[in-house]
Amino acid sequence: MSDLWTKYDAWLKEDGPAALVIREYLMPAEGPDAVVFPPTFAPGDGFPGGYNIDGPFNGHPDGENVCLIDSVGSQANRIEPEFSKDPYRSLVPQVEIQAGERTINLLEVGHRAGDAITRCTELASELNAAFKSHLKGDDNPLAKIAPTSLIFGVWDSRETQARLPRLVGSTIRAFNVRKLTRGAVYIPPADYSALDVFDEDEKAKAEGDKKNPLAQRGFVHNPASGTLGGVIARGGIRRDATLNLVALRLLKAPKEDDSLKLRRYILGLSLVAFTHPSAFIGSLRQGCILVRDPARKMDNAFVAVYADGRRVNLEVSHEGALEFARAAAEKFGVGKNRQLTFSKELAKKDVQEAKSKGAKKRKGQ
């Protein structure tokens with residue numbers, strides 16, 4: 001066991017690495033030159049909507065650009081729920097909230113410990129106290145309730161304003177992409193005008209009009225042309241992941257010995273997330289199955305990066321990370337599992353208080 005502590009404690013010392021970094025090259029499951037479908041985003045703030053593509057950067061229409069394939073938030077949302085499954089389940093407290101007929105695990109909630117749904121349970125006051133403890137320099141209470149909030153970041157923006165940075169971040173980008181379009185047409189299985197459901201004039205007006213109720217309900221031909229058709233990544237696809245050890249070393253408890261146990265615990269969980277074999281890639285969405293690119297295997301990197309710029313190659317297996325996480329969790333003492341109930345009354349009270357604060361702000365009080 002002492003060897004295990006010695007190996008990983010070096011990363012927790014002030015002269016330890018600033019970060020661990022993974023770079024791995026990916027490709028579509030169909031092949032490196034296949035079409036891959038990025039996520040689409042709604043328009044707003046000057047963005048027209050569609051794929052998030054920055055560039056071209058050299059001013060030429062065919063110049064380099066960068067396309068977001070999976071955001072840091074999406075990547076976190078893919079890995080965090082893994083802690084509700086075996087063999088990771090026992091490493092963190094399982095906090096489950098009954099909301100109507102649904103049971104929601106805190107590990108699946110977007111704002112984590114700072115989410116509205118947690119404020120509307122019997123856990124609200126305890127979580128509020130945990131965020132206040134963080135502001136006073138004690139992260140133990142939050143780690144006992146929601147340790148993954150310390151790993152993937154949390155902001156109690158509605159109450160204490162306590163904010164903990166993301167320790168593990170991962171993003172997938174495609175480089176120098178060529179954007180494609182596609183077309184399709186829906187052909188109804190029967191001529192409904194011939195069946196006297198409507199007449200020929202109504203049919204003629206409806207065909208090609210996406211807002212027409214007959215088109216929306218699937219009674220007439222409905223073409224779709226020039227829609228988003230994915231991208232071809234001519235410059236490759238790469239996942240960049242970082243484990244921020246500087247921020248991890250800022251976590252603390254009132255006693256130095258407890259601070260070390262806390263940091264080991266969070267480091268163990270972070271390494272499990274960081275080295276998970278498949279949670280960050282695979283089937284991201286329809287038309288976007290990514291696998292590792294064997295042709296660029298030698299370009300992949302897993303390094304410790306020091307403040308002076310040194311980059312030291314690492315070999316940390318997922319099994320090794322899991323062994324350390326289990327030992328660190330036992331020493332720290334994993335928080336208790338909880339079964340909570342969503343309170344409609346607390347939610348209404350929360351909404352009413354927000355409205356009252358908004359009204360006072362508008363009046364300048």
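Here the structure is a predicted model, which is why all the values come from computation and not from measurement.

**Student:** How should I be thinking about the sheet that holds strand S19 (residues 338-341) in this particular structure?
**Tutor:** In a beta sheet, neighbouring strands pair by backbone hydrogen bonds and run either parallel or antiparallel. Judged by pairing direction, the sheet is mixed, and its three strands sit side by side in the order S8-S7-S19 without closing on themselves. Both outer strands of the open sheet, strand S8 (102-105) and S19, are each paired with one neighbouring strand and no more. Averaged over neighbouring strand pairs, the angle between their axes works out to 25° when direction is ignored. Note: strand S7 (residues 95-99) against S19, four bridges, orientation parallel. Residue pairing for S19: Glu96 is matched across the bridge by Gln339.

**Student:** Even after reading the chapter, I still don't get the nonpolar core, so can you show me in this structure?
**Tutor:** One recurring pattern in soluble globular proteins: nonpolar side chains tend to sit buried together. Formed by 68 residues in total, the largest nonpolar core has its most connected members in Leu20 and Leu91. Sort the elements by how many residues they give to this core and helix H10 (residues 256-274) lands first, with nine residues. Apart from the residues within four sequence positions on either side, Leu20 is in contact with Trp11, Ala241, Thr242, Leu243, Leu245, Leu271, Phe274, Phe302, Val303, Ala304 and Leu314. One finds Ala174, Val177, Ala233 and Ile237 within the second-largest nonpolar core, a separate group that totals 16 residues.

**Student:** What's the story with the packing of H10 against helix H11 (residues 318-332) in this structure? I'm lost.
**Tutor:** Helix-helix packing is described using two parameters, namely the angle between the two axes and the distance between the axes. Look at H10 against H11: their axes get within 8 Å of each other, and the N-to-C directions meet at 150°. The orientation of H10 relative to H11 falls into the category roughly antiparallel. The two elements H10 and H11 cross, and the hand of that crossing is left-handed. Between H10, through Lys261, Leu262, Arg264, Tyr265, Leu267, Gly268, Leu269, Leu271 and Val272, and H11, the contact on the second element is made entirely by His318, Ala321, Leu322, Phe324, Ala325, Ala328, Ala329, Lys331 and Phe332.

**Student:** Would you take a moment to explain the environment of Phe37 for this structure?
**Tutor:** Tracing the sequence through the fold places Phe37 in the loop between strand S2 (35-36) and strand S3 (40-41). As for Phe37 and Lys179, which are separated by 142 residues in sequence, their C-alpha atoms are 9.8 Å apart. If we ignore the near neighbours within four places in the chain, the residues touching Phe37 are Tyr51, Arg182, Leu228, Gly229, Gly230, Arg285, Gln286, Gly287 and Cys288.

**Student:** Explanation requested: the packing of aromatic side chains in the structure shown.
**Tutor:** Two descriptors summarise a pair of aromatic rings, namely the distance from one centre to the other and the angle between the planes of the rings. For the structure on display, the rule yields eight aromatic pairs. Plain terms: the ring middles of Tyr8 and Trp11 are 5.4 Å apart, the flat faces sit at 80° to each other, and that makes the pair edge-to-face. When its relative accessible area of 1% is taken as the criterion, Tyr8 is described as buried. Centroid distance Tyr8 to Phe324: 4.2 Å. Interplanar angle 25°. Geometry classified as stacked. One end of the pair, Tyr8, is in helix H1 (residues 2-9); the other, Phe324, is in helix H11, and 316 residues separate them in sequence. Each member of the pair, Tyr8 as well as Phe324, is classed as buried.

**Student:** Help me out: how do you make sense of a negative patch on the surface in this one?
**Tutor:** A surface patch of like charges, here negative, comprises Asp199, Glu200, Asp201, Glu202 and Glu207. Position of Asp199 relative to the elements: it lies in the loop between strand S12 (177-186) and helix H7 (200-206). The partly exposed category is assigned to Asp199, whose relative accessible area is 41%.

**Student:** Explain the sheet that holds strand S13 (residues 222-233) to me, please; I cannot follow it from the model alone.
**Tutor:** Strands sit in the order S2-S13-S12 across an open sheet of three strands; the sheet is antiparallel. The open sheet has two edge strands, S2 and S12, and neither has a second partner. Judged from the eight bridges that link them, S12 and S13 form a sheet pairing that is antiparallel. Following the sheet pairing, Arg178 is matched in S13 by Ile232.

**Student:** Any chance you could explain helix H2 (residues 72-79) here in plain terms?
**Tutor:** Within H2, the full set of buried residues consists of Gln75, Ala76 and Ile79. For H2, the arc enclosing every buried residue in end-on projection is 100°, short of the 170-degree limit, so these residues lie on one face.

**Student:** In this structure, what is going on with helix H4 (residues 124-135)? I would like to understand it.
**Tutor:** For an α-helix the count is 3.6 residues per turn, leaving residues at separations of three or four pointing the same way. Over its twelve residues, H4 runs 17 Å from end to end, which matches the ideal 16 Å to within 8%, given 1.5 Å per residue. When H4 is considered as a whole, its buried residues turn out to be Leu127, Ala130, Phe131, Ser133 and His134. With its buried residues spanning 155° around the axis, H4 presents them on a single face. Across H4 from its buried face, at more than 90 degrees, point the exposed residues Ser125 and Leu135. In this structure, the buried side of H4 is in contact with helix H3 (116-119), helix H5 (140-145), strand S9 (154-155) and strand S10 (163-164).

**Student:** Just to check I follow, could you spell out the state of the cysteines for this structure?
**Tutor:** Each disulfide consists of one covalent bond between the sulfur atoms belonging to two cysteines. Enumeration over the complete set of coordinates arrives at zero disulfides. Here Cys288 stays unpaired: no disulfide links it, and the sulfur of Cys67, its closest cysteine neighbor, is 9.3 Å away.

**Student:** I keep staring at the pairing of S7 and nothing clicks. Help me out?
**Tutor:** When S7 meets S8, the two strands line up antiparallel, connected through four bridges. Looking at S8, one finds that Ala99 is bridged to Arg102. The turn linking S7 back onto S8 is made up of two residues, and Gly100 within it adopts a positive phi angle of 65°.

**Student:** Even after reading the chapter, I still don't get the pairing of strand S1 (residues 19-28), so can you show me in this structure?
**Tutor:** Two faces belong to every sheet, and in a regular strand the side chains alternate between them. S1 sits mainly inside the fold: nine of its ten residues count as buried. Where S1 lies against strand S17 (residues 301-305), five bridges are found, and the strand directions are antiparallel. Bridging across to S17, Leu20 finds its partner in Ala304. Bridge count between S1 and strand S14 (residues 237-244): eight bridges; the pairing is antiparallel. By the bridge assignment for S14, Ile22 is matched with Ala241.

Quick notes on the rules
- Residues numbered from 1 in each chain as written.
- Predicted model: local features only at pLDDT ≥ 70, side-chain atom pairs only at ≥ 80, totals over all residues.
- Heavy atoms only, no water.
- Pairing = 2+ DSSP bridges.
- Helix = DSSP H or I, 4+ residues; strand = E, 2+ residues; numbered from the N terminus.
- Axes fitted to C-alpha atoms, helices over the stretch in contact; angles between N-to-C directions.
- Core = buried A, V, L, I, M, F, W, Y, C linked by side-chain atoms within 4.5 Å.
- Buried < 20%, exposed > 50% of the residue type's maximum accessible area, 1.4 Å probe, protein only.
- Contact = heavy atoms within 4.5 Å.
- Parallel < 35°, antiparallel > 145°, perpendicular 65-115°, else oblique.
- Left-handed = near helix turned anticlockwise from the far one by under 90°.
- Phe/Tyr/Trp six-rings, centres within 6.5 Å; stacked < 30°, edge-to-face > 60°.
- Patch = residues over 30% accessible without salt bridge, like charges linked within 9 Å, V, L, I, M, F, W, Y side chains within 5 Å.
- Areas by Shrake-Rupley, 256 points an atom, 1.4 Å probe, with all protein chains shown as cover.
- Salt bridge = Lys/Arg side-chain N within 4 Å of Asp/Glu carboxyl O.
- Lys, Arg positive; Asp, Glu negative; His and termini not counted.
- Charge placed at Lys NZ, Arg CZ, Asp CG, Glu CD.
- Arc of directions from axis to C-beta.
- Expected span 1.5 Å × (residues − 1).
- Disulfide = S-S within 2.5 Å.

These values are about where atoms sit, not about what they do.
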